[in-house]
Each structure stands twice: as structure tokens, then as C-alpha cells.
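Secondary and tertiary structure notes
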Amino acid sequence: MTRTDGYLLDNRQTEAGERFDAFATLFDPTTFRHIEGLGVGPGWRCWEVGAGGTSVVSWLAKKVGPTGRVLATDIDTSRVAAVARQPVHVRVHDVGAEEPPEEGFDLVHARLVLVHVPDRERALRSMVKALRPGGRLLVEDADPALQPLLCPDEHGPEQQLANRLREGFRQLLADRGADLAYGRRLPRLLREAGLRQVEADAYFPVSSPACAALESATVRQIRDQLVTAGIATARDIDRHLANVASGGMDLATAPMISAWGRKG
């Protein structure tokens, strides 16, 4: 396959809302725990990078209160625009191609964003630049190469088909410039960016209804690309979606690695 430009998973497609809901169910508890550990509170100025959905933005708005500010940016703000009211401000912005929209933030956060950004180095520099001295950066990204399987327990034909389609999905992502081993690099990259007190951990759901919901929405969203690329037939995809709907498989996600640090 050859390199293709453009994000594989368009936020304007019908299935995108289902994917955001699944991400919120799977990953919000981990994200909120980390942000609370960084001390977020009333009056904080926060930048949510690549916001996409609304769950983190809305939660941050409650934490910072009327004296705070939450700036939510994305290249496509069609979904997050619904929560654009004080203290939330929404702006179209490409973190990998533009200067920071503002500076002096107490917290900058990005979840499942940088792995898809072509110029990840510039994006990370921009996020660090936007912090005030002492401000906190939290970056959370997947590492599909660390755990590439949809069904880690590949014990039957249904699981084998699932893993074959997951391999094809990973290839489609890579063809569009996604770094499938990015998550594991985050602690080192944050230190190299000059942050202090860098720590990291990982969350890896192995079986959950939200994993099944995410898989169904994702496969339906990229169905045409899978067929066009010769990765699967329409019959393969229909069979896989039926297997997912049956609830008889343990479906996992790639590990989400969270790394955080403080600007000196």
C-alpha cells in the first residue's frame, strides 16, 4: 500500500459519535484520575487539544468553574461546538501546523490525538510552549504495536477473523502516517521537551461492552476502505460485525499510555 493523506476516521461520519461515546466510557475514568492528580481546580486555564467529543471538555468546565477557562480545539469542531459556553471556548486549530492559540495554560491535555498528527514533534513543542511555568502537560495516546490484537485470546475462527481485520485497520492507519508505537515513547519525549517530574502508566481494557461498541462503530466507519484495500470482503465484514454483536468474544483495545510532567 502507498501513503495516503488525511485522517482515516472523519468526525462528521455517523459512527464517529458512537466512537466518542465508547472512548468516554473506556478512558474517561483514567483521564479524570490523572487530571485530578495534577491538581486541577477553580480558576485553572486548560487547553483540550484535539477535543473531538465533549466528555472531557464538559468535565473540565465543572472543575475550573466560572473563574476558569477551557479552550477546546480541533481541526473539526462540529461535535464539541455544542458545549461552547462559559467557561468553554471552542476554536478550529491544527496543533501540528499552527502556533499555540494561546499561552499561559495551567493544564494542556491531549488524548488519542498525537498518534494521528503528521508533525507530532511540532505539536508536542506547541503544547509545551503553551504552558505557564509550573503548568502541567498530560498526553495520552494508544500504542497499537505494543498490543496489536483485537482478541488476545485467539482460540477460534471468529477471533482469527477479528484479528485479521484489526491488522488491516492498523495498516490503514499506518498508511496515513499514524505512528503505531508512539505511546511508549511519551515519557522520553516529555523529558526531552524539558518537562520535569515525568511519570507514565498504561490502561488496557481486555473485555468490555464499550470495546465491542467501539469495534462495531470503527469497522462500520472504515468498511469501504477495508474492502477497497483488499483487506476484507463485504461478507467478511458482515460476519465479523455479527460476531461482535453476539457478545461471545473478548475484545480488547490497544493500551492507552498516559504520560505527564511539569514545565520548569
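Residues numbered from 1 in each chain as written. Predicted model: local features only at pLDDT ≥ 70, side-chain atom pairs only at ≥ 80, totals over all residues. Heavy atoms only, no water.

Considering the sheet that holds strand β5 (residues 131–142)
Spatial ordering of the open sheet is given by β3-β2-β1-β4-β5-β7-β6, a layout of seven strands whose pairing is mixed. Two strands bound the open sheet, and with one partner strand each, they are β3 (88–92) and β6 (195–203). The mean inter-strand angle of the sheet, taken between neighbouring strand axes irrespective of direction, is 15 degrees. In the packing of helix α1 (residues 14–37) onto the sheet, the strands contacted are β4 (105–111), β5, β6 and β7 (256–263), and the crossing angle to β4 comes to about 150 degrees. Docked against the sheet, helix α3 (residues 120–129) engages β1 (45–49), β4, β5, β6 and β7, running at close to 145 degrees with respect to β5. (Pairing = 2+ DSSP bridges. Helix = DSSP H or I, 4+ residues; strand = E, 2+ residues; numbered from the N terminus. Axes fitted to C-alpha atoms, helices over the stretch in contact; angles between N-to-C directions. Contact = heavy atoms within 4.5 Å.)

Describing helix α6 (residues 209–221)
In a regular helix each residue adds 1.5 Å, so 13 residues correspond to 18 Å; α6 covers 18 Å between its end C-alpha atoms and thus fits that length. Among all positions in α6, only Ala 210, Cys 211, Leu 214, Glu 215, Ser 216, Ala 217, Thr 218, Val 219 and Gln 221 are buried. Where α6 is buried, its residues meet α1, α4 (157–175), α7 (223–228) and α8 (234–246). Where α6 begins, one side-chain oxygen reaches toward the backbone nitrogen of Ala 210, 3.1 Å away; that side chain belongs to Ser 208. (Expected span 1.5 Å × (residues − 1). Buried < 20%, exposed > 50% of the residue type's maximum accessible area, 1.4 Å probe, protein only. Polar contact = N/O pair within 3.5 Å; in protein donor to acceptor, adjacent residues only side chain to side chain.)

Points about the pairing of β5
Of all 12 residues making up β5, 10 are buried, and the element is well covered by its neighbours. Here six bridges tie β4 to β5, and the two strands are oriented parallel to one another. What sits directly across from Val 108, in β5, is Leu 137. The handedness of the β4 to β5 crossover, carried by α3, is right-handed. Pairing between β5 and β7: seven bridges, direction antiparallel. Across the sheet, the residue bridging to Leu 137 is Gly 261, located in β7. (Right-handed = clockwise from strand over helix to strand, strands pointing away.)

Things to note about the packing of α1 against α6
Packing of α1 against α6 leaves a shortest axis separation of 9 Å and a crossing angle of 155 degrees. Between α1 and α6, the angle is such that the two are roughly antiparallel. As for how α1 packs across α6, the hand of that crossing is left-handed. Only Ala 210, Cys 211, Leu 214, Ala 217, Thr 218, Arg 220 and Gln 221 of α6 make contact with α1, whose side of the interface consists of Glu 15, Ala 16, Glu 18, Arg 19, Ala 22, Phe 23, Thr 25 and Leu 26. (Parallel < 35°, antiparallel > 145°, perpendicular 65-115°, else oblique. Left-handed = near helix turned anticlockwise from the far one by under 90°.)

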